Amino acid sequence: EPASGTLARKAIVLAMAQMDDDELQRIYTWVDEVPLSRPKRNIARDFADGVLTAEIVHHYFPRIVEVHNYPSANSYAQKMYNWQTLNARVFKKMGWQLRQEELDAICSCQPQAVERMLKQLQVRLSKYGSRSKEE
């Protein structure tokens, strides 16, 4: 068992690794291709409540997310509620989930937390899309 704990810690360290400028630019370009309900001014704040992430998923797979379930939020508690809902209802259908530390980092606007989530989301949307087409 201790070995798996070590692997989990290594995974967390890798996930927390800083993304380089090229990676960040690829993520921002991808996000810019999706029509969103509000302008992006500060990506950490803009994505902190989960609404724009729900809209991105809805853009690609409208059937797996109901955007009206995610109200705009300023309080940490409502942001966390939105993210936990996304995690349990949407990401789980896609075969992945964010860890509590990742949700906390996003809700509290930690640097690059949103970008790391978006990078994972991009990969998961692609995998989910190819899986859906096979069915």
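Above this text you will find the structure in question.
Computed from a predicted model, the values in this text were never measured in an experiment.

Analysis parameters
- Residues numbered from 1 in each chain as written.
- Predicted model: local features only at pLDDT ≥ 70, side-chain atom pairs only at ≥ 80, totals over all residues.
- Heavy atoms only, no water.
- Phe/Tyr/Trp six-rings, centres within 6.5 Å; stacked < 30°, edge-to-face > 60°.
- Salt bridge = Lys/Arg side-chain N within 4 Å of Asp/Glu carboxyl O.
- Buried < 20%, exposed > 50% of the residue type's maximum accessible area, 1.4 Å probe, protein only.
- Helix = DSSP H or I, 4+ residues; strand = E, 2+ residues; numbered from the N terminus.
- Contact = heavy atoms within 4.5 Å.
- Core = buried A, V, L, I, M, F, W, Y, C linked by side-chain atoms within 4.5 Å.
- Axes fitted to C-alpha atoms, helices over the stretch in contact; angles between N-to-C directions.
- Parallel < 35°, antiparallel > 145°, perpendicular 65-115°, else oblique.
- Left-handed = near helix turned anticlockwise from the far one by under 90°.
- Nonpolar A, V, L, I, M, F, W, Y, C, P; charged D, E, K, R; others polar.

Please provide a residue-by-residue account of the packing of aromatic side chains, values included.
The relation between two aromatic rings is expressed through the spacing of the ring centres and the mutual angle of the planes. Enumeration over the complete set of coordinates arrives at 4 aromatic pairs. Every member of this aromatic cluster is reached through a ring pair, and the members are Trp83, Phe91 and Trp96.

Tell me about the pattern of salt bridges, residues and numbers included.
As enumerated under the stated definition, the model contains 5 salt bridges in all. Residue Asp32 pairs with Lys40 through a salt bridge whose shortest N-O separation is 3.2 Å. For Asp32, a relative accessible area of 52% gives the class exposed. Ionic contacts of the salt-bridge type, sharing partners, join the residues Arg99, Glu101 and Glu102 into one network.

Before we move on, could you go through the environment of Lys79 and cite the residues and values that matter?
With respect to the helices, strands and loops of the structure, Lys79 is situated in helix H5 (residues 76-91). In this structure Lys79 comes out as buried when scored by relative accessible area, which is 13%. For the pair Lys79 and Ile106, spaced 27 residues apart in sequence, the C-alpha to C-alpha distance is 9.1 Å. Not counting chain neighbours up to four residues away, the residues in contact with Lys79 comprise Ala48, Asp49, Ala73, Asn74 and Cys107.

Hey, could you go over unusual backbone geometry for me, with residue numbers and the actual values?
The phi angle at Cys109 is positive, at roughly 60°, despite the residue not being glycine. Here Cys109 lies in the loop between helix H6 (100-107) and helix H7 (113-134). Residue Gln112 is not a glycine yet carries a positive backbone phi of 65°. Along the polypeptide, Gln112 turns up in the loop between H6 and H7. Using a relative accessible area of 14% as the deciding quantity, one classes Gln112 as buried.

Quick rundown of the nonpolar core? Include the residues and the values.
By size, the foremost hydrophobic cluster in this structure holds 37 residues, and its most contacted members are Ile56, Phe91, Met94, Leu118 and Leu121. Here the element with the most residues in this core is H7; it accounts for 7 residues. Every residue in contact with Leu118, bar those within four places of it in the chain, is listed here: Ile27, Trp30, Val31, Ile43, Phe47 and Ile56.

Report on the packing of H5 against H6, specifying residues and quantitative values.
Between two packed helices, both the angle of their axes relative to each other and the distance between the axes serve to describe the pair. Relative to each other, H5 and H6 sit at 135°, their axes nearing to 10 Å. The pairing of H5 with H6 is recorded here as oblique in orientation. H6 is crossed by H5, and the crossing has right-handed handedness. Contacts between H5 and H6 involve Tyr76, Lys79, Met80, Trp83, Gln84 and Asn87 on the former and, on the latter, Gln100, Leu103, Asp104, Ile106 and Cys107. Residues that form the contact of H5 with H6 fall into these classes: 6 nonpolar, 3 polar and 2 charged.

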